[in-house]
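Summary of structural features
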Amino acid sequence: MNLAKPDIKPVATDRLPELLRGMPKAELHIHIEGSLEPELIFALASRNGVAIPYASVEELRSAYAFTNLQSFLDIYYAGASVLIKEQDFYDMAWAYFVKAAQNNVAHAELFFDPQTHTARGVSMQTVITGLHRACVDAQTGLGISASLILCFLRHLSEEDAFKTLEQALPFQDKVIGIGLDSGEVGNPPEKFARVFARCRELGFHLVAHAGEEGPPAYVWTALDVLKVERIDHGVQSSKDAALMRRLAKDRIPLTVCPLSNLKLCVFPDLASHNLRQLLEAGLAATINSDDPAYFGGYLNENFTQTFAATQLSARHAYTLARNSFEASFIDAAAKRRHIDRLDERFDAFSA
Ligand code: HPA
Ligand code: ZN
């Protein structure tokens, strides 16, 4: 790809948040069901006549105290149960795009979990057409380009993933890639070797969550067995020096989600987060929000809180934003346009 911009001028700490918020960026790790705010959960529950076991928005929000990934997933799947109609999926994604525009997100690749919905009798068509319609409107209404990545739930069987793939094939033109999410430990990437091989033959881009809570071995098998192009999270990679060298050498992007890692107790506090270590080892790390309605912040909050806690600089900001475009699944000309705009923003900021 292009050479990195050489002349990033230092920016005073008190002006960094303005630079972070205003710079254009791509978001590559956002579960669209994790953008469902409590207010929208209640509105959709009432619209669809779905009962939820919380009396109020406040009571639901106060249940968002997690100790690990599974404690979050239990509430996250319950929240998604209010999504029934095509318009519900549209409304959820549109609400995210409005926030994304406020965060200067220029491009977004949205994960969705169809098995959470098809298991409740909602059709694949309902899910994909609602989300896709919002992606089209994000481009025309907000100037945000967006695409969809279908994730298999790794706590379910590979056979179930194959069935899900079959149901999605009529909508293949609306799905750019395949991912793997849900409870990681005990569900290694290689459990899905055959279905990922099939997805690869079909021409999908491939990504997988690995090394969020699970060991570096899961990152190795995501790369070498599933042959993914990006690793989602991947923060446990720093425990394996050989893996760190591999990720740096092959410029494998990591979609890191600092506030998620904080809320799910992957790190005890943001100051202990290893993002700086990953960047300084030459890895193509990016910052993302994961499940912003549950983890207390959209993309700009992830940037500003992480920068404040770990004393990252304007140069790191440029690298992270640039990595986000380079790691995305847009074509080379679109990458160039976004990076030119990023460069203009940095030039204007230091002028
Ligand atoms: N990890 C695994 N599965 C998920 C996550 C995550 O961070 N968010 C939503 N589903
Ligand atoms: Zn995730």
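In this text, all values refer to a predicted model and were calculated from it rather than measured experimentally. (Residues numbered from 1 in each chain as written. Chains lettered and ligands numbered in written order. Predicted model: local features only at pLDDT ≥ 70, side-chain atom pairs only at ≥ 80, totals over all residues. Heavy atoms only, no water.)

This structure, assessed with the given rule, holds 16 salt bridges. Between Glu 109 and Arg 230 there is a salt bridge, with its nearest N and O atoms 2.9 Å apart. Of this pair, Glu 109 sits in strand β2 (residues 105-112) while Arg 230 sits in strand β6 (residues 230-233), and the two are 121 residues apart along the sequence. Of the two residues, Glu 109 and Arg 230, both sit in the buried class. Among the charged side chains, a network of salt bridges with common partners joins Asp 224, Arg 246, Lys 249 and Asp 250. (Salt bridge = Lys/Arg side-chain N within 4 Å of Asp/Glu carboxyl O. Helix = DSSP H or I, 4+ residues; strand = E, 2+ residues; numbered from the N terminus. Buried < 20%, exposed > 50% of the residue type's maximum accessible area, 1.4 Å probe, protein only.)

All right, on to the site of ligand 1 then. Around ligand 1, the neighbouring residues are His 31, Leu 69, Phe 72, Leu 73, Tyr 76, Asp 181, Ser 182, His 209, Glu 212, His 233, Asp 290 and Asp 291. In this structure, a nitrogen atom belonging to ligand 1 sits 2.7 Å away from a side-chain N or O atom of Glu 212. Between an oxygen atom of ligand 1 and a side-chain N or O atom of Asp 290, the distance comes to 2.8 Å. Looking at the shell around ligand 1, the element that brings in the most residues is helix α4 (residues 69-79), giving 4 residues. Grouping the amino acids of the shell around ligand 1 by side-chain chemistry returns 4 nonpolar, 4 polar and 4 charged. (Near = heavy atom within 4 Å. Polar contact = N/O pair within 3.5 Å; in protein donor to acceptor, adjacent residues only side chain to side chain. Nonpolar A, V, L, I, M, F, W, Y, C, P; charged D, E, K, R; others polar.)

With that settled, consider helix α17 (residues 332-350). For an α-helix the count is 3.6 residues per turn, leaving residues at separations of three or four pointing the same way. Between its terminal C-alpha atoms α17 stretches 27 Å, which fits the 27 Å expected from 19 residues at 1.5 Å a residue. For α17, the full list of buried residues reads Ala 334, Lys 335, His 338, Ile 339, Leu 342, Asp 343, Phe 346 and Phe 349. With a side-chain oxygen lying 3.2 Å from the backbone nitrogen of Ala 333, the N-terminal cap of α17 falls on Asp 331. (Expected span 1.5 Å × (residues − 1).)

All we've got here are geometric facts, nothing functional implied.
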